[in-house]
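Here are the chains, one letter per residue:
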Amino acid sequence: MDATTDRGVQTVETRDELDDVVATADRALVMVRTTGCTICKSMEPILDIAAKATDAAVVVFNPETDLDAVAAFGVRSVPTFLLFADGDLVDRRADGFVPAEDLIQFVETGP
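The following paragraphs examine the structure supplied in this document. (Residues numbered from 1 in each chain as written. Predicted model: local features only at pLDDT ≥ 70, side-chain atom pairs only at ≥ 80, totals over all residues. Heavy atoms only, no water.)

## Side note on the overall build of the protein chain
(1) Moving on: In terms of helices and strands, the protein chain carries four helices and six strands.
(2) Moving on: Its C-alpha radius of gyration of 12 Å places the protein chain within 12% of the 13 Å reference for a compact globule of 111 residues.
(3) Moving on: Principal-axis analysis of the C-alpha atoms gives the protein chain an extent of 30 × 30 × 25 Å.
(4) Moving on: Here the protein chain, with 111 residues, has 45% of them falling under the buried criterion.
(5) Moving on: Total accessible area computed for the protein chain in this model is approximately 5800 Å², and 50% of it derives from carbon and sulfur atoms. (Helix = DSSP H or I, 4+ residues; strand = E, 2+ residues; numbered from the N terminus. Rg over C-alpha atoms; globule rule 2.2 N^0.38 Å. Buried < 20%, exposed > 50% of the residue type's maximum accessible area, 1.4 Å probe, protein only. Areas by Shrake-Rupley, 256 points an atom, 1.4 Å probe, with all protein chains shown as cover.)

## Brief notes about helix α2 (residues 38-53)
(1) Moving on: Under the 1.5 Å per step criterion, the end-to-end length of α2 is 24 Å for 16 residues, consistent within 8% with the ideal 22 Å.
(2) Moving on: For α2, the principal kink sits at E44 and spans about 35 degrees; a proline, P45, occurs within the next four residues.
(3) Moving on: The inward-facing, buried residues of α2 abut β2 (9-12), β3 (27-32), β4 (57-61), β5 (80-85) and α4 (100-109). (Expected span 1.5 Å × (residues − 1). Bend = angle between axes of the 7 residues up to and from the residue. Contact = heavy atoms within 4.5 Å.)

## Some points on the side chain of N62
(1) Moving on: Take N62: it is sitting in the loop between β4 and α3 (67-72).
(2) Moving on: The class of N62 is buried, set by a relative accessible area of 18%.
(3) Moving on: A polar atom in the side chain of N62 sits 3.0 Å from the side chain of T35.
(4) Moving on: Non-local contacts of N62, meaning those with residues more than four positions away in its chain, are made with V12, E13, R33, T34 and T35. (Polar contact = N/O pair within 3.5 Å; in protein donor to acceptor, adjacent residues only side chain to side chain.)

## Concerning the pattern of salt bridges
(1) Moving on: A full pass over the atoms with the stated rule returns four salt bridges.
(2) Moving on: Across the salt bridge formed by D19 and R15, the nearest N and O atoms sit 3.0 Å from each other. In this pair, D19 and R15 both sit in helix α1 (residues 15-24), four residues apart, roughly one turn of the helix.
(3) Moving on: In this structure D19 comes out as partly exposed when scored by relative accessible area, which is 31%.
(4) Moving on: Exposure remark for R15: the relative accessible area of 23% places this residue in the partly exposed category.
(5) Moving on: Salt bridges sharing common partners tie together R33, K41 and E44. (Salt bridge = Lys/Arg side-chain N within 4 Å of Asp/Glu carboxyl O.)

In short, shape yes, function no, at least from these values alone.
Here it is, written out as structure tokens:
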């Protein structure tokens with residue numbers, strides 16, 4: 001179920017919900033995470049900053065109930081950040097913790 005935090009970050013539970021957000025947003029930043037990932041947890045305040053600093057929809061997705069999404073997006077580690085523009089996956093990064101400035105630049109200057 002879609003849940004929006006007071007900071008503008010959405011959490012989606014299913015691939016259908018993720019697809020809905022991606023389809024309706026001009027730009028969407030998706031963090032693919034798992035429940036036990038400490039780096040993912042440490043990225044939550046950074047996602048809040050990115051949500052406030054950009055016009056992108058910022059989404060957290062845990063694919064544990066939809067492992068097909070892992071394969072579809074080529075996720076090999078978490079966190080993985082997926083950048084969508086006009087519904088298409090245009091860029092990704094999977095390099096662990098990302099400082100706020102770098103994540104904002106990734107969203108704003110991605111292809």
